[in-house]
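Chain by chain, the residues run as shown.
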Amino acid sequence: MKKIYYLVAALALVATTSCGDGFNFPEVGAETDLYKIPLPETSLVEVESKDISVAMDHVGGLHTEEDFERIREKLKAGESPWVEGYELLKNSKYAQLSFQTYPTEIIVRGGGSGENYMNAARGAAAAYQLALRWKIEENGQYAKKAVEILNKWAKTCIGLGGDSNVSLGAGIYGHEFAIAGELLRGYAGWAPKDFAAYQQWMLSVFYPANKDFLVRHHGTNPLHYWANWGLCNIASTMAIGILTDRRDIYNEAIEHFQIGETNGRITLAIYHVYDGAYANFAQLQESGRDQGHSLMCVGLLGTICQLAYNQGDDFFAYKDNMFLKACEYAACFNYTNDGVPYTLYTWNQQNAWGGISPVEQPELGTTGRGNLRPIWALPYYHYAKVKNVLDTKVKYSLIGRDRSFPEGGGGNYGETSGGFDALGFGTLMFAR
């Protein structure tokens with residue numbers, strides 16, 4: 001199996017790659033007549049890009065100091081649900097000073113052999129969880145340990161490899177490493193030269209791969225890859241832009257999220273918004289595929305919205321709370337027996353000859369139905385407590401929140417990749 005390497009600033013693409021989840025296709029030449037989607041309407045842009053001279057807001061990435069002040073006060077008072085959420089964090093094996101990380105020179109995802117990406121998944125999860133303990137407990141030993149982990153990765157890792165699944169590694173671990181780094185930005189013990197080296201690592205190893213997927217998507221038609229591929233690379237681009245003070249990179253993320261051509265665009269990731277009796281529902285692009293990936297998309301959409309919200313950009317409100325409607329749809333189908341509508345989805349699968357072999361999905365995918373992921377506290381508390389939307393509009397998100405209570409993080413949902421797709425600990429971090 002050929003491999004793709006994103007080494008330092010260069011993109012080294014080797015001959016043949018695989019495209020999609022387990023499907024192997026050759027690269028498509030520029031001369032191939034690919035499927036083209038219509039140019040997006042300007043009305044899709046609700047969040048305007050700021051001039052690149054406008055500095056990024058370094059308020060903590062996903063979590064602000066106000067969040068930590070609230071959490072410390074609630075824990076001191078012994079209040080639920082913060083106590084339950086904190087117990088999971090405190091007892092996580094990834095949030096301990098004894099945790100050991102194992103950086104790899106090349107993070108390999110895909111290709112059938114030599115995969116080692118779980119090292120990165122665990123390293124990013126540990127750095128994030130240790131950073132949370134530092135901010136909550138105000139004990140610098142946790143920040144010191146987290147920075148030690150990040151420095152080791154930045155000094156050891158020089159690239160990404162594998163088959164086309166390299167793009168999942170770039171997007172998932174890219175945004176998680178960047179979020180952990182931003183959370184630790186204020187730690188006085190992180191030497192400026194080491195922090196600068198970490199920023200450069202994110203720019204050299206992850207960002208080129210993120211951009212390559214969003215622009216080129218392995219030479220396929222733009223709708224071949226499922227929404228989670230585009231979303232994780234948008235999340236990584238956004239988080240790296242914040243971490244590295246690159247407004248231009250952040251702008252790329254919010255522009256693709258609104259008018260991009262991949263299924264990572266919010267109006268493609270959320271495929272159909274209903275009206276009438278089902279006006280509070282919106283079908284996800286992956287709803288007809290399976291529920292594990294659909295819920296992964298809910299988590300990634302939440303991360304993107306929260307990162308942007310802390311920069312003053314409100315995607316939670318985009319298109320009349322479109323994200324909330326997708327949450328309600330997914331939670332209703334996964335955690336209740338109440339009926340939901342379904343609109344036929346046709347996947348534009350790339351075939352081995354460079355054309356499209358459409359695959360119809362005539363009904364909801366049931367594989368993984370009822371799967372629990374740490375993704376519900378964030379949207380529920382934002383819409384119910386920050387935005388104060390009507391209880392009837394967060395009915396199913398509340399059910400999702402309760403079913404997943406209390407939310408853990410990496411290590412609490414198994415030791416395979418899906419258990420590390422979300423940083424988690426939403427009960428602790430987002431409850432109000």
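All values derive from a computational prediction rather than experimental measurement. (Residues numbered from 1 in each chain as written. Predicted model: local features only at pLDDT ≥ 70, side-chain atom pairs only at ≥ 80, totals over all residues. Heavy atoms only, no water.)

*Asks:* Would you mind going over the overall build of the protein with me for this structure?
*Replies:* When you go through the protein residue by residue, the secondary structure sums to 14 helices and eight strands. At 20 Å, the protein has a C-alpha radius of gyration in line with the 22 Å of a compact globule built from 432 residues. Structurally, the protein occupies a C-alpha span of about 60 × 50 × 40 Å along its principal axes. The 432 residues of the protein split such that 61% are buried. Partitioning the contacts of the protein with sequence separation of at least 6, the portion at a separation of at least 24 is 77%. (Helix = DSSP H or I, 4+ residues; strand = E, 2+ residues; numbered from the N terminus. Rg over C-alpha atoms; globule rule 2.2 N^0.38 Å. Buried < 20%, exposed > 50% of the residue type's maximum accessible area, 1.4 Å probe, protein only. Contact = heavy atoms within 4.5 Å.)

*Asks:* Is there a simple way to explain helix α2 (residues 82–91) in this structure?
*Replies:* Each α-helix winds once per 3.6 residues, and so residues spaced three or four apart point in a common direction. For α2, the complete set of buried residues consists of Trp-82, Gly-85, Tyr-86 and Leu-89. Seen from one end, α2 has its buried residues packed into an arc of 95°, which puts them on one side. Lining the buried residues of α2 we find α1 (65–76), α3 (117–137) and α14 (426–430). (Arc of directions from axis to C-beta.)

*Asks:* Just to check I follow, could you spell out the packing of α2 against α3 for this structure?
*Replies:* Pairs of packed helices are described in terms of their axes, by the angle between the two and the distance that separates them. Two elements in contact, α2 and α3, have axes whose closest approach is 10 Å; the angle formed by their N-to-C orientations is 125°. The orientation of α2 relative to α3 falls into the category oblique. Seen from above, α2 lies across α3 with left-handed handedness. Contact residues: Tyr-86, Leu-89 and Lys-90 in α2; Gln-129, Leu-132, Arg-133, Ile-136 and Glu-137 in α3. Here the residues of the contact of α2 with α3 sort into four nonpolar, one polar and three charged. (Axes fitted to C-alpha atoms, helices over the stretch in contact; angles between N-to-C directions. Parallel < 35°, antiparallel > 145°, perpendicular 65-115°, else oblique. Left-handed = near helix turned anticlockwise from the far one by under 90°. Nonpolar A, V, L, I, M, F, W, Y, C, P; charged D, E, K, R; others polar.)

*Asks:* Could you clarify how one ought to interpret the confidence of the model for the protein in this entry?
*Replies:* Low-pLDDT stretches of the model should not have their predicted coordinates read in fine detail. Averaged over the protein, the pLDDT score is 92; the fraction of residues at 70 or greater is 90%. Segment residues 8–40 is flagged for pLDDT under 50; beyond a separation of four residues in sequence, or across chains, it makes 81 contacts in the model. (pLDDT = per-residue confidence, 0-100.)

*Asks:* Honestly, unusual backbone geometry in this entry has me stumped. Any pointers?
*Replies:* Glycine aside, negative phi is the norm for most residues, and most peptide bonds take the trans geometry. Each neighbour pair has its own omega, and for Ser-80 with Pro-81 the value is 10°, a cis peptide bond. Tracing the chain through its elements places Pro-81 in the loop between α1 and α2. Backbone torsion omega between Phe-405 and Pro-406 reads -15°, so that peptide bond is classified as cis. Mapped onto the elements, Pro-406 comes out in the loop between α13 (395–403) and α14. Backbone geometry places Glu-138, a non-glycine residue, at a positive phi of 55°. By the secondary structure assignment, Glu-138 is in the loop between α3 and α4 (140–156). Among the residues examined, Glu-138 registers a relative accessible area of 60% and is labelled exposed.

*Asks:* What is the right way to look at the pattern of salt bridges in this model?
*Replies:* Close approach of charged atoms lets side chains of opposite charge pair. Going through the model one piece at a time under the given rule, you end up with 26 salt bridges. A salt bridge links Arg-432 to Asp-67, with the nearest nitrogen and oxygen atoms 3.4 Å apart. Of this pair, Arg-432 sits in the segment after α14 while Asp-67 is found in helix α1, placing the two residues 365 residues apart along the sequence. Take Asp-67: its relative accessible area is 4%, and that puts it in the buried class. (Salt bridge = Lys/Arg side-chain N within 4 Å of Asp/Glu carboxyl O.)

*Asks:* What should I look at first to understand the pairing of strand β8 (residues 356–361) in this one?
*Replies:* It is a general feature of regular strands that their side chains alternate between the two faces of the sheet. In terms of strand pairing, strand β7 (residues 345–350) meets β8 through six bridges, oriented antiparallel. Counterpart to Tyr-345 in the pairing with β8 is Gln-361. Linking β7 back to β8 in an antiparallel pair, the connection comprises five residues, with Gly-354 at a positive phi of about 90°. (Pairing = 2+ DSSP bridges.)

*Asks:* Please clarify how the packing of helix α6 (residues 192–216) against helix α8 (residues 247–259) should be interpreted in this entry.
*Replies:* At their nearest, the axes of α6 and α8 sit 12 Å apart, and the two run at 30° to each other. In terms of axis orientation, α6 runs roughly parallel to α8. Where α6 crosses over α8, the handedness of that crossing is left-handed. Residue-level inspection shows Leu-203, Tyr-207, Lys-211 and Leu-214 of α6 in contact with α8, the latter providing Ile-249, Glu-252 and His-256. Residues belonging to the contact of α6 with α8 are distributed by class as follows: four nonpolar, one polar and two charged.

*Asks:* Could you clarify how one ought to interpret the packing of aromatic side chains in this entry?
*Replies:* Both the distance between ring centres and the angle between the ring planes are used here to describe each pair of aromatic rings. Across all of its chains, the model carries 28 aromatic pairs by this definition. Measuring from ring centre to ring centre gives 6.2 Å for Tyr-117 and Tyr-173, while their planes differ by 20°; the resulting arrangement is stacked. Of this pair, Tyr-117 sits in helix α3 while Tyr-173 sits in helix α5 (residues 166–183); the two residues are 56 residues apart in sequence, bridging distant segments of the chain. Each member of the pair, Tyr-117 as well as Tyr-173, is classed as buried. Each ring, one from Trp-190 and one from Phe-195, has its centre 5.0 Å from the other, and the planes form 75°; the classification is edge-to-face. On the basis of relative accessible area, Phe-195 is assigned to the buried category, the value being 12%. (Phe/Tyr/Trp six-rings, centres within 6.5 Å; stacked < 30°, edge-to-face > 60°.)

*Asks:* Is there a simple way to think about the side chain of Arg-70 in this case?
*Replies:* Structurally, Arg-70 is set in helix α1. Arg-70 gets classed as buried once you look at its relative accessible area, which sits at 13%. Not counting chain neighbours up to four residues away, the residues in contact with Arg-70 comprise Trp-82, Met-429, Phe-430, Ala-431 and Arg-432.

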